[in-house]
Amino acid sequence: MTHAQQSRVFGQRKQEHILILASGDRVRHLTVRPWMAALAFCFVGVFSIGYLLATSYLVLRDDLIGATMARQARMQHDYEDRIAALRAQVDRVTSRQLLDQQVVEDKVDKLMEQQLALTSRHGKLGSLLDRAENSGLGGKETTPLQSYAPEVKNKRASLSGAVQAIENQLAGADEPADVTTDNASPTDIPAHETVGDRADRVFSKVTLSLKDIEQKQRNRIAQLTSDAGGTADAISKVLTRFRISVPAERAKQDDSAVGGPYVEPESADDFESSLTQLDDALTRLETVRNTAESLPFQNPAVGKEITSSFGNRRDPFLGRLALHSGIDFRFTPGEKVRPTAPGKVIAAGWTGGYGNMVEVDHGNGISTRYGHMSEILAKIGDKVDRDDVIGLAGSTGRSTGTHLHYEVRQNGRAIDPIYFMNAGLKLASYMK
């Protein structure tokens, strides 16, 4: 064992360190091994390092605490600055929303005013469209004056589509009612838009839609006014040929006895003026048309053979030249005779060579006579229309056979009825 504990270095024996401990009578010894020395050294080192660290902490504690507090203060300031920035942003967003809401409300008010204006106009325009339709304007006519006019059918809905346009746009429709946006592309709409921006875009489209509707109304009114005026002028020209005064001309004011203080005219927009012009044009058309319908421009015997025309002819009884003041139409015995225009019966009975004759006054100095009837079915004072039967065809008076003698007289003077019938053919294209 002693040999195992010994180590030789260059032939010398290494000395061992022995620690002797004495306590009273007891003596102990402890051999100090190398590992024990290493352990003791490590323990002393760890203790020294801990001591140094503790001493350093005690010395530097105030600095560390100050740095920590400063860092916390900086973090707190940064947090407060962030909160202030967020509050400012919230305030800006709130202010923008309030501003957008006010702008939207203002624009809604303007749109409602436009809608009310269009609704009010539609009430007036609706009645005028009814009158125009009843007058035969805007439909598929064969007359040159009206063949190019657009149809009235289904037009009223498009002319009054303001409410539908507003509803479609406020509901988020991409296209305004009655407005084509072929040039618009999806790139025109921003990917991220605010409520105010979207409101601006929507209300801009609605405004354009309303303007388009109003422009269509103006164009339609102008077209109808032109058609009504042109038709009235054409009818007036025909009436003027027969020296029949046109009611529109009779209605002109006489400036020889008028007066009063000068007052500025009432303000009215162009649309109201156009409605007034259309109303005047329709009134004039209705007046001249009613005048034309009250005159004998119809054929008293459509499809019947003319046996004797107006003018000089050889008298069938005397054999010499004589004036034939009317036109004779071949009729069958007992066939119904109707007037060529509404009027009042001013003569009904036996009248010399006319035989049984009825005379109807149509106003404006125009009257018609129906002679040689076998039976008279009207009496003086009766108001008759085109569909009323005033008698039955016969061969009374100076007649060689059953026929209808038809005369047209203006201010008591006989006029060739063929002139009136030819004028009636021209007027037929302008009548209802």
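Numbers given for residues are sequential positions, taken from 1 along each chain in its written order. It should be noted that, the model being predicted, local features are given only for residues of pLDDT at least 70 and side-chain atom pairs only at 80 or more, the latter also being counted only at that level, while totals for whole chains, interfaces and linings use all residues. Side-chain calculation: all heavy atoms of the structure are included, whereas hydrogens and water are not.

(A) Focus on the overall build of the chain. In terms of helices and strands, the chain carries 8 helices and 16 strands. Buried residues are those whose accessible area, probed at 1.4 Å on protein chains only, stays under 20% of the maximum for their type, while exposed residues exceed 50% and partly exposed ones sit between those limits. Residues counted as buried form 32% of the 432 residues belonging to the chain. Of the contacts made within the chain by residues no fewer than 6 positions apart, 68% connect residues no fewer than 24 positions apart. Each helix is a run of DSSP H or I of at least 4 residues and each strand a run of E of at least 2, with the numbering of both proceeding from the N terminus. Residue contacts are defined here by distance: any two heavy atoms, one from each residue, within 4.5 Å place the two residues in contact.

(B) Spotlight on the nonpolar core. We define a nonpolar core as any set of buried Ala, Val, Leu, Ile, Met, Phe, Trp, Tyr and Cys residues linked to one another through side-chain atoms lying within 4.5 Å. Counting 50 residues, the largest nonpolar core has Ile235, Phe297, Val337 and Tyr370 as its most contacted members. Elements represented by at least two residues in this core include exactly helix 2 (34-134), helix 5 (195-241), helix 7 (270-293), strand 8 (327-330), strand 11 (356-363), strand 12 (366-376), strand 15 (403-410) and helix 8 (417-428). With 6 residues, the next largest nonpolar core counts Leu111, Leu118, Val206 and Leu210 among its residues.

(C) A look at the pattern of salt bridges. Here a salt bridge means any side-chain nitrogen of Lys or Arg lying within 4 Å of a carboxyl oxygen belonging to Asp or Glu. In the structure shown here, the tally under the stated rule is 9 salt bridges. The partner of Glu305 in a salt bridge is Arg330, and the shortest N-O contact between them spans 3.0 Å. On the criterion of sequence distance, the pair formed by Glu305 in the loop between helix 7 and strand 5 (306-308) and Arg330 in strand 8 is long-range, its members being 25 residues apart. We classify Arg330 as partly exposed; its relative accessible area is 45%. Note that Lys379 and Asp382 form a salt bridge whose closest N and O atoms lie 3.3 Å from each other. Owing to a relative accessible area of 55%, Lys379 belongs among the exposed residues under this scheme.

(D) Geometry of the side chain of Asp315. The topology assignment puts Asp315 in the loop between strand 6 (311-314) and strand 7 (321-324). For Asp315, a relative accessible area of 8% translates into the label buried.

(E) Region of the structure containing the UniProt feature "transmembrane region" (unreviewed entry) in the chain. UniProt positions are given in the numbering used here, feature names are shortened, and annotations may be inferred rather than shown by experiment. The feature "transmembrane region" (unreviewed entry), as annotated in UniProt, sits at residues 35-60 in this numbering. With 100% helix and 0% strand, the stretch residues 35-60 has end C-alpha atoms that lie 37 Å from each other.

(F) Representation of the packing of aromatic side chains in the model. Within 6.5 Å between ring centres, the rings of Phe, Tyr and Trp (the latter by its six-membered ring) count as paired, and their orientation is classed by plane angle as stacked under 30 degrees, edge-to-face over 60, tilted in between. According to the stated counting rule, one finds 4 aromatic pairs in the structure shown. With 5.7 Å between their ring centres and 65° between their planes, Phe242 and Phe297 make a pair best called edge-to-face. Taken together, the residues span a long stretch of sequence, with Phe242 in the loop between helix 5 and helix 6 (247-250) and Phe297 in the loop between helix 7 and strand 5 at a distance of 55 residues. The interplanar angle of 35° and the centroid separation of 5.5 Å between the aromatic rings of Phe297 and Phe420 together place this pair among those described as tilted. Taken together, the residues span a long stretch of sequence, with Phe297 in the loop between helix 7 and strand 5 and Phe420 in helix 8 at a distance of 123 residues. Among the aromatic residues, ring-to-ring pairing joins Phe242, Phe297 and Phe420 into one connected group. The rule is short: NZ of Lys or CZ of Arg within 6 Å of the ring centre and within 35 degrees of the ring normal puts a charge over the ring. When the ring centre of Phe331 is taken as reference, the NZ or CZ atom of Lys304 above it lies at 5.1 Å.

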